[in-house]
Amino acid sequence: MRIKIWLVEWPFFLALFGLFACGLLNQYSAGGWSHFVRQALFMGTGVVVFLGLYFVDYRRLLTWPRIFSIYMMYVLLLLYMAVSGKRWLVFGGFSVQPSEFAKPLLVALLALFFAHQHEPRLRFPLFVLANLLIGVPMVLIAVTDLDQAFLLFLIGESLIFMAGLSRRLILAIAVAGLALSLMVGPPFWRHLKPYQRARILAFLKPGKTQKKWSYQTRQALIAVGSGGLLGQGFRKGLSSRLHYLPAKHTDLAFAVWAEEWGFVGSILVLALYALLVFYALKAGYLARDPLGRFLAFGAAMGLFWQVFVNLGGVLHILPAASLPLPFLSYGGSSILSTLIMLGMVASVMRRRFSFL
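Model, not experiment: these values are computed from the prediction. (Residues numbered from 1 in each chain as written. Predicted model: local features only at pLDDT ≥ 70, side-chain atom pairs only at ≥ 80, totals over all residues. Heavy atoms only, no water.)

Trainee: How should I be thinking about the overall build of the protein in this particular structure?
Mentor: A tally of regular secondary structure across the protein gives 15 helices and 2 strands. Over its C-alpha trace the protein gives a radius of gyration of 21 Å, about what one expects of a compact globule, namely 21 Å for 356 residues. With the principal axes as the frame, the protein shows a C-alpha extent of 55 × 55 × 40 Å. Here the protein holds 356 residues, and the buried ones make up 49% of them. Sequence-distant contacts in the protein: of pairs separated by 6 or more residues, those separated by 24 or more amount to 76%. A total of about 17,300 Å² of accessible surface is found on the protein, and carbon and sulfur atoms cover 73% of it. Measuring between centres, the 32 positive side-chain charges of the protein sit 2 Å from its 11 negative side-chain charges. (Helix = DSSP H or I, 4+ residues; strand = E, 2+ residues; numbered from the N terminus. Rg over C-alpha atoms; globule rule 2.2 N^0.38 Å. Buried < 20%, exposed > 50% of the residue type's maximum accessible area, 1.4 Å probe, protein only. Contact = heavy atoms within 4.5 Å. Areas by Shrake-Rupley, 256 points an atom, 1.4 Å probe, with all protein chains shown as cover. Lys, Arg positive; Asp, Glu negative; His and termini not counted. Charge placed at Lys NZ, Arg CZ, Asp CG, Glu CD.)

Trainee: How should I be thinking about the packing of helix 2 (residues 10-31) against helix 13 (residues 253-286) in this particular structure?
Mentor: Any two packed helices are characterised by the angle at which their axes cross and by the distance between the axes. Following both chains from N to C, one finds helix 2 and helix 13 inclined at 155°, their axes separated by 9 Å at the closest point. The orientation of helix 2 with respect to helix 13, classified from their angle, is roughly antiparallel. For the pair helix 2 and helix 13, the crossing hand works out as left-handed. Packed against helix 2, whose contacting residues are Pro11, Phe12, Ala15, Leu16, Gly18, Leu19, Cys22, Leu25, Asn26, Ser29 and Ala30, the element helix 13 presents Ala253, Val256, Trp257, Glu260, Trp261, Val269, Leu272, Tyr273, Leu275, Leu276 and Tyr279 at the interface. Residues of the contact of helix 2 with helix 13, tallied by class, amount to 18 nonpolar, 3 polar and 1 charged. (Axes fitted to C-alpha atoms, helices over the stretch in contact; angles between N-to-C directions. Parallel < 35°, antiparallel > 145°, perpendicular 65-115°, else oblique. Left-handed = near helix turned anticlockwise from the far one by under 90°. Nonpolar A, V, L, I, M, F, W, Y, C, P; charged D, E, K, R; others polar.)

Trainee: What's the story with empty space enclosed by the protein in this structure? I'm lost.
Mentor: One way to see where empty space is left: roll a probe the size of a water molecule over the atoms. Under the criterion given, the structure shown has 4 cavities of 30 Å³ or more. When its volume is computed, the largest cavity comes out at roughly 70 Å³. Taken together, Leu78, Met81, Lys86, Arg87, Pro98, Ser99, Leu140, Ile141, Thr144 and Asp145 form the lining of the largest cavity. Secondary-structure elements contributing two or more residues to the lining of the largest cavity are helix 5 (64-84) and helix 7 (124-142). Of the residues assigned to the lining of the largest cavity, the class counts are 5 nonpolar, 2 polar and 3 charged. Taken as a whole, the second largest cavity spans an internal volume of roughly 50 Å³. Lining the second largest cavity are Gln216, Thr217, Asp251, Leu252, Asn310, Gly313, Val314, Ala320 and Ala321. Elements with a contribution of two residues or more to the lining of the second largest cavity: helix 11 (211-226) and helix 14 (290-314). Per-element tally for the lining of the second largest cavity: the top contributor is helix 14, with 3 residues. (1 Å grid on protein atoms, 1.4 Å probe; cavity = no way out; pocket = protein on both sides within 12 Å on 5 of 7 lines; lining within 4 Å. Points joined across faces, edges and corners; volume = space filled by probe spheres on them.)

Trainee: Looking at this structure, I do not really get the layout of surface pockets. What am I missing?
Mentor: Volume-wise, the largest pocket comes out at about 1,600 Å³. As for the largest pocket, its lining consists of 40 residues, and the residues nearest its centre are Met138, Phe150, Phe153, Ser181 and Phe188. Secondary-structure elements contributing two or more residues to the lining of the largest pocket are helix 7, helix 8 (146-163), helix 9 (167-191), helix 10 (194-204) and helix 14. Among the elements that take part in the lining of the largest pocket, helix 9 stands out by supplying 11 residues, more than any other. In the lining of the largest pocket, the residues fall into 31 nonpolar, 6 polar and 3 charged. By volume, the second largest pocket amounts to about 560 Å³. Lining the second largest pocket are 28 residues; nearest its centre among them are Trp88, Ser95, Gly331, Gly332 and Ser333. Of all the secondary structure elements, the ones that give two or more residues to the lining of the second largest pocket are helix 3 (33-55), strand 2 (94-96) and helix 15 (332-352). Residues belonging to the lining of the second largest pocket are distributed by class as follows: 11 nonpolar, 12 polar and 5 charged.

Trainee: Please explain the packing of helix 13 against helix 15 as it appears in this structure.
Mentor: Axis separation between helix 13 and helix 15 bottoms out at 9 Å; the angle between their running directions is 45°. The angle between helix 13 and helix 15 places the two elements in the oblique class. Considering only the axes of helix 13 and helix 15, their crossing is left-handed. Of the residues in helix 15, those touching helix 13 at Leu276, Tyr279, Ala280, Ala283 and Leu286 are Leu342, Val345, Val348, Met349 and Arg352.

This is the structure in C-alpha cells:
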C-alpha cells in the first residue's frame with residue numbers, strides 16, 4: 001500500500017510550484033516574453049526530471065559504482081573546462097553550465113559515502129577522503145567560477161558536519177584552518193581577478209571604493225528599498241524598466257522582485273524557500289535509512305546556502321556573488337540542478353510511506 005505523498009506533504013509541492021510562478025512572473029518582467037518562454041521550457045524539462053527521480057527508488061538508482069563512475073567522468077569534464085578556461089558548453093541554441101551539476105552529484109556521492117559508516121563520529125582517514133571528494137571538483141571549478149566552488153565547499157562541509165566530528169577533530173580543523181588562511185590568504189588575494197577583489201572591497205568599504213565597483217550593490221539596494229511595503233507593481237519597477245539594475249535576469253533577480261512586489265512579496269518568496277528547506281530537513285529526519293537521511297539533508301543545505309549567498313549579496317550582508325537565485329533567476333542549468341536535488345528529496349519522502 002502506498003500513501004499519496006502529495007496529500008501528506010502538500011506544502012512542499014505548493015512551495016515548489018509557487019516558486020515556479022514567481023520565477024516566470026519575474027522573468028517576464030525582467031526580460032519579456034522570450035525569457036518567459038525559455039524559463040517555462042527549462043522548468044518543464046526540470047519537472048520531467050523531478051518526476052523521474054520521484055518515481056524511481058533512490059536506493060536502486062544511487063549505487064556507489066554508478067555514482068562514482070559518473071563522478072570520475074564529471075571530473076574529467078571539469079578538467080577540460082578548467083584547461084580551456086570555459087564556464088559554458090554550447091549545444092545548438094542552448095548553453096549548459098557544468099559546474100551547476102556538481103551540487104546534486106556531490107550530495108549523492110557523499111550521501112552514499114557516509115551512509116555506510118556505522119560509527120557515530122567520522123574517523124580521520126574518512127574525513128580526509130571526504131574532503132578529497134569535495135576538493136577535486138571544487139578546485140577545478142574555482143579556476144573559472146569561484147562562487148560556485150565556494151558554494152560546493154559549504155554544501156560538502158555541511159554534510160561532513162552532519163556525519164559527525166569529534167571535538168578533538170573540530171579543534172584541529174579550526175587551528176589548521178586559521179594557519180592555512182594566514183599562509184594562503186595573501187597569495188590567494190593577489191591571484192583574485194580584479195572584479196573579484198573589487199566585490200570584496202565594495203563590501204568591506206562601501207563608501208571608499210570606486211563607484212563602478214559598488215554600482216551593482218548600490219543599485220540592488222535602491223531597487224529593494226524602493227519597493228516599500230507593497231511594491232511598485234508588476235512590470236513597473238523603475239530600476240528595472242530604466243535599466244539601472246545590472247544582471248537583473250540572473251544574479252539580481254530578487255531585486256527586480258522586491259522592487260515590484262515590495263516587502264510583502266519578498267516575505268512570500270522567502271517563506272516558499274523556507275518551506276522547501278524545512279520539508280527537505282523533515283524528509284531527512286524521518287527517512288527510513290541513512291542514505292535517504294543524507295540525501296535529503298544535503299539537498300536542503302544545497303538550497304539553503306545558494307539562497308543565502310545570493311540574497312546576502314543583494315542585501316549587502318555578504319560580498320556580491322555570481323550565483324543564481326533558484327527558480328527566480330534565469331537559467332536552465334540552475335533550474336535543472338535544483339530540481340534534481342528536490343527530486344531526490346521527493347523520492348525519500350515517497351519511500352517513507354512504502355510498506356511493501
